[in-house]
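Given next are the chains, with one letter for each unit.
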Amino acid sequence: MQKTLEGRSAIVTGAARGIGEALARELATHGAQVMVADINEAGADAVARDIVRAGGRAMATSVDVTRRETVVKMIDQAVTAFGGLDCMVNNAGVVQGKALMSITEVEWHRIMDTNALGVLIGMQEAAKVMIAQGRGGKIINTASIAGKQGYRELAHYCASKAAVISLTQAAAKDFGPHKINVNAICPGIVDTDMWKVLGDGFHKEGWTTDPGQAFEAQSALAVLGRASVPRDLAGITRFLASSESDFITGQSIVVDGGMAFS
């Protein structure tokens, strides 16, 4: 197997499970040194140790992406351990299913702070290092098809992911002169613990008769005939982290099995 990321260093936030875990494993498999970062440090450490056991290079750290000081510390650790930073994957996120008229200010800020502010801080701090290094870099943000259109059950989540798409475009323009590519991936229905949270929320709101109903119904909309799994997002992320994507920036790439065409 050709290791297209050999000699490169990467950080993946929200990497203790789900999509983030799959992305961290993929980057490491293809040669990258990976910082596995998550607010759940024990989970991040378990993923990093498993990557090392499989022959990869990884270490773990705790991060709260809404707190700039912990993001700076995470990046400093990666630079010290790996000799620099080549790729930043801003993947950490939270979700909630709730009727628009019932969303509280606290719930709004929780979703927006993690999903949107966390991406802004991650991009800012990574770009500072990449600009200082003078060799460019890759920033990859996890958005969603929910950032492409509003869903009544997910208004605040949709708003946060639309913000990620706009931040991605703005940062691509701002960082382009420094040869820093900024792109986003937009998953659809992915079989992770986050959909269990959503299913519970939909059920509480009375929109479904059981917690698994929404996942099954939404998965059936994919023209490829199944829900996504975290591994489905790995290949596009590896491509965007590699030199093969050097002339792609400002894009939000949908990876949803054909649920939404845009």
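The name given to the protein chain in an unreviewed UniProt entry is Shikimate dehydrogenase, and the organism recorded there is Pseudacidovorax intermedius. Per UniProt, the comment on the protein chain under Sequence similarities (unreviewed entry) is "Belongs to the short-chain dehydrogenases/reductases (SDR) family."

Chemist: I would appreciate a short explanation of the overall build of the protein chain in the present structure.
Modeler: Each helix and strand in the protein chain was counted, giving 8 helices and 7 strands. In terms of C-alpha radius of gyration, the protein chain reaches 18 Å, essentially the compact-globule figure of 18 Å for 262 residues. Residue burial in the protein chain is summarised as follows: out of 262 residues, 53% are buried. For the protein chain, long-range pairs separated by at least 24 residues make up 72% of all intrachain contacts whose partners lie at least 6 apart in sequence. For the protein chain, the exposed area adds up to about 11800 Å²; of that, 54% sits on carbon and sulfur atoms. Here the protein chain contributes 25 positively and 27 negatively charged side chains, and the mean placements of these two sets differ by 4 Å.

Chemist: Just checking my understanding: could you explain the packing of helix H3 (residues 68–82) against helix H4 (residues 105–133) for this structure?
Modeler: The relative placement of two packed helices is expressed as an angle between their axes plus a distance between the axes. Running from N to C, H3 and H4 cross one another at 35 degrees; their axes reach a closest spacing of 10 Å. Pair H3 / H4 crosses with right-handed handedness. Across the interface between the two elements, Arg68, Val71, Val72, Ile75 and Val79 from H3 touch Ile121, Gly122, Gln124, Glu125, Ala126 and Val129 from H4. For the contact of H3 with H4, a count of residues per class yields 7 nonpolar, 2 polar and 2 charged.

Chemist: Help me out: how do you make sense of the pairing of strand E5 (residues 137–142) in this one?
Modeler: Regular strands have side chains that alternate between both faces of the sheet. Burial of E5 is extensive: 6 of the 6 residues sit out of reach of the surface. Residue alternation in E5 divides its side chains into two sets, Gly137, Ile139 and Asn141 and Lys138, Ile140 and Thr142, and both sets are buried. The pairing of strand E4 (residues 87–90) with E5 spans 4 bridges and is parallel. Bridge pairing in E5 places Cys87 opposite Lys138. Viewed along the sheet, the connection from E4 through H4 into E5 turns out right-handed. Here 6 bridges tie E5 to strand E6 (residues 180–187), and the two strands are oriented parallel to one another. Note that in E6 the partner of Ile140 across the bridge is Asn183. The parallel pair E5 and E6, bridged by helix H5 (residues 155–175), forms a crossover whose chirality is right-handed.

Chemist: I would appreciate a short explanation of the side chain of Asn115 in the present structure.
Modeler: Turning to its location among the elements, Asn115 is positioned in helix H4. Here Ser160 takes part through its side chain, which lies 3.1 Å from a polar atom of the side chain of Asn115.

Chemist: Sorry if this is basic, but what is going on with the packing of helix H1 (residues 18–29) against helix H2 (residues 41–53) here?
Modeler: Their axes nearest at 11 Å, the elements H1 and H2 cross at an angle of 25 degrees. Here H1 is positioned roughly parallel relative to H2, judged by the angle of their axes. The handedness of the crossing between H1 and H2 comes out as right-handed. Taken together, the residues of H2 that come into contact with H1 (itself represented by Glu21, Ala24, Arg25 and Ala28) are Val47, Asp50 and Ile51. Residue composition of the contact of H1 with H2, by class: 4 nonpolar, no polar and 3 charged.

Chemist: Help me out: how do you make sense of the domain arrangement of the protein chain in this one?
Modeler: A common way to express how large an interface is: the accessible area buried when the components associate. If you check the domain split of the protein chain, you get domain 1 (9–188 + 229–254) and domain 2 (189–227). Of the residues lining the interface, 19 residues belong to domain 1; the matching set on domain 2 comes to 14 residues. Summing the contributions of domain 1 and of domain 2, the shared interface buries around 1300 Å²; its carbon and sulfur component is 67%. Inspection of the region where domain 1 meets domain 2 yields 2 salt bridges. Ionic pairing is found between Arg226 and Asp232, a salt bridge with its closest N-O pair at 2.9 Å. Grouping the constituent residues of the side of domain 1 that touches domain 2 by class yields 9 nonpolar, 5 polar and 5 charged.

Chemist: Where do I start with the sheet that holds strand E3 (residues 57–62) in this structure?
Modeler: Strand pairing in a sheet takes place through backbone hydrogen bonds and is either antiparallel or parallel in direction. If you walk across this open sheet you meet the 7 strands as E3-E2-E1-E4-E5-E6-E7, and the pairing is parallel. Since the sheet does not close on itself, it has two edges, and those belong to E3 and strand E7 (252–255), each with one partner. Sheet twist, expressed as the average angle between the axes of neighbouring strands with direction ignored, equals 20 degrees. Running over the sheet, H2 touches strand E2 (33–38) and E3 and is turned about 175 degrees from E3.

Thresholds, definitions, all that
- Residues numbered from 1 in each chain as written.
- Predicted model: local features only at pLDDT ≥ 70, side-chain atom pairs only at ≥ 80, totals over all residues.
- Heavy atoms only, no water.
- UniProt positions renumbered as here; feature names shortened; annotations may be inferred.
- Helix = DSSP H or I, 4+ residues; strand = E, 2+ residues; numbered from the N terminus.
- Rg over C-alpha atoms; globule rule 2.2 N^0.38 Å.
- Buried < 20%, exposed > 50% of the residue type's maximum accessible area, 1.4 Å probe, protein only.
- Contact = heavy atoms within 4.5 Å.
- Areas by Shrake-Rupley, 256 points an atom, 1.4 Å probe, with all protein chains shown as cover.
- Lys, Arg positive; Asp, Glu negative; His and termini not counted.
- Charge placed at Lys NZ, Arg CZ, Asp CG, Glu CD.
- Axes fitted to C-alpha atoms, helices over the stretch in contact; angles between N-to-C directions.
- Left-handed = near helix turned anticlockwise from the far one by under 90°.
- Nonpolar A, V, L, I, M, F, W, Y, C, P; charged D, E, K, R; others polar.
- Pairing = 2+ DSSP bridges.
- Right-handed = clockwise from strand over helix to strand, strands pointing away.
- Polar contact = N/O pair within 3.5 Å; in protein donor to acceptor, adjacent residues only side chain to side chain.
- Parallel < 35°, antiparallel > 145°, perpendicular 65-115°, else oblique.
- Domains from an automatic or database assignment.
- Buried area = accessible area lost by both parts, 1.4 Å probe.
- Salt bridge = Lys/Arg side-chain N within 4 Å of Asp/Glu carboxyl O.

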